[in-house]
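# Geometric and topological summary
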Amino acid sequence: MAIRRNFDNNLKELKDKLFDMADLAKVSLKESVVALKTQDIEKAEEIIKKDHIINQYDNEINNLAIILIAKESPVATDLRKIISALRICSEIERIGDMATNIAKSTLHIGNQKLIKPIEEIPRMLSIAEEMLEEALTAFYTEDASMAKKVADRDDEVDELYGQLVKELMTYIPNYPDEISQITQLAFTCRYIERVADHVTNICENVIFLVTGERFDLNN
């Protein structure tokens, strides 16, 4: 009984760290688009500097998982919980990377006059943020059905991504001197689209956690 209690406590610590890491990634993601929209160079630089904190969480979670597996020799469902947490941790780390990439695009654009107001990108991000929040809830509650519904929303982000990039390309003939800015805005759209893909991967791992089966939800 004491052994089981010790395992549960260690697993809780791992999951707590994972959710703290996710909170940091969510803030970085939101702030990166704010920095882009307002052309806040200082904010963008701060986001880039803080990326190492998310990476540090990634290392701590991986080390804790190794200790759990080595000391507790978990089997079946318990092992799936650890493996799922590790995989989700990796996806969150990559989401943090996307926030950093958006911040870097902001630095590339700098104080150039924007070819158009940044309006659609925040709307695209809003869907990805909702997906991330709901995917983490599905993980916490071990709700495979909820995870599947979240993954289905990836199509919404894909559609917006296609529309935005297509629109941005139409600006090139009229703004030949702003190709660099147009490219960075297109990159930003791509980074947010990738966030939704990483969230979909989180959903796949929730389903694996609950059912023990692997599903490809990116098709």
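Presented here is an overview of the structure given in this document. Source: prediction; values computed, not measured. (Residues numbered from 1 in each chain as written. Predicted model: local features only at pLDDT ≥ 70, side-chain atom pairs only at ≥ 80, totals over all residues. Heavy atoms only, no water.)

### Here's the deal with the overall build of the protein chain
The secondary structure content of the protein chain amounts to seven helices and zero strands. Moving toward the C terminus, one meets the helices and strands of the protein chain in the order α-α-α-α-α-α-α. Its C-alpha atoms give the protein chain principal-axis dimensions of roughly 70 × 35 × 20 Å. Taking the intrachain contacts of the protein chain between residues at least 6 apart in sequence as the baseline, contacts between residues at least 24 apart amount to 83%. For the protein chain, the exposed surface amounts to about 11,000 Å²; the carbon and sulfur share of it is 51%. In the protein chain, 27 side chains carry a positive charge and 40 a negative one; their mean positions are 3 Å apart. (Helix = DSSP H or I, 4+ residues; strand = E, 2+ residues; numbered from the N terminus. Contact = heavy atoms within 4.5 Å. Areas by Shrake-Rupley, 256 points an atom, 1.4 Å probe, with all protein chains shown as cover. Lys, Arg positive; Asp, Glu negative; His and termini not counted. Charge placed at Lys NZ, Arg CZ, Asp CG, Glu CD.)

### Regarding the pattern of salt bridges
Per the stated rule, a full pass over the model turns up 14 salt bridges. Note that Asp 16 is salt-bridged to Lys 12, the shortest N-O span being 2.8 Å. On the criterion of helical spacing, the pair formed by Asp 16 and Lys 12 is a turn pair, its members being four residues apart in helix H1 (residues 2-38). Here Glu 193 and Arg 190 are joined by a salt bridge, their closest N and O atoms 2.4 Å apart. With Glu 193 and Arg 190 both in helix H7 (residues 179-211), this residue pair falls three residues apart, about one helical turn. Its relative accessible area of 7% is what places Glu 193 among the buried residues. (Salt bridge = Lys/Arg side-chain N within 4 Å of Asp/Glu carboxyl O. Buried < 20%, exposed > 50% of the residue type's maximum accessible area, 1.4 Å probe, protein only.)

### Some remarks on unusual backbone geometry
Even without a glycine there, the phi angle at Gln 39 is positive, about 55°. Here Gln 39 is to be found in the loop between H1 and helix H2 (41-72). Positive phi, normally seen in glycine, also occurs at Glu 142, with a value near 55°. Tracing the backbone shows Glu 142 in the loop between helix H4 (120-141) and helix H5 (144-152).

### Notes on the state of the cysteines
A full pass over the atoms with the stated rule returns zero disulfides. Cys 89 forms no disulfide, and the closest cysteine sulfur to it belongs to Cys 203, at a distance of 17 Å. On the basis of relative accessibility, which here comes to 0%, the residue Cys 89 falls in the buried class. (Disulfide = S-S within 2.5 Å.)

### A look at the environment of Gln 112
Locating Gln 112 in the fold gives a position in the loop between helix H3 (76-109) and H4. Between the C-alpha atoms of Gln 112 and Glu 178, which are 66 residues apart in sequence, the distance is 8.9 Å. Side-chain polar atoms of Gln 112 contact the side chain of Gln 181, separated by 3.4 Å. (Polar contact = N/O pair within 3.5 Å; in protein donor to acceptor, adjacent residues only side chain to side chain.)

### Examining the packing of helix H6 (residues 154-170) against H7
Look at H6 against H7: their axes get within 10 Å of each other, and the N-to-C directions meet at 170°. As far as their axial angle goes, H7 and H6 are roughly antiparallel. In contact with Asp 154, Val 157, Asp 158, Tyr 161, Leu 164, Val 165, Leu 168 and Met 169 of H6, H7 contributes Ile 182, Leu 185, Ala 186, Cys 189, Arg 190, Ile 192, Glu 193, Ala 196, Asp 197 and Thr 200. (Axes fitted to C-alpha atoms, helices over the stretch in contact; angles between N-to-C directions. Parallel < 35°, antiparallel > 145°, perpendicular 65-115°, else oblique.)

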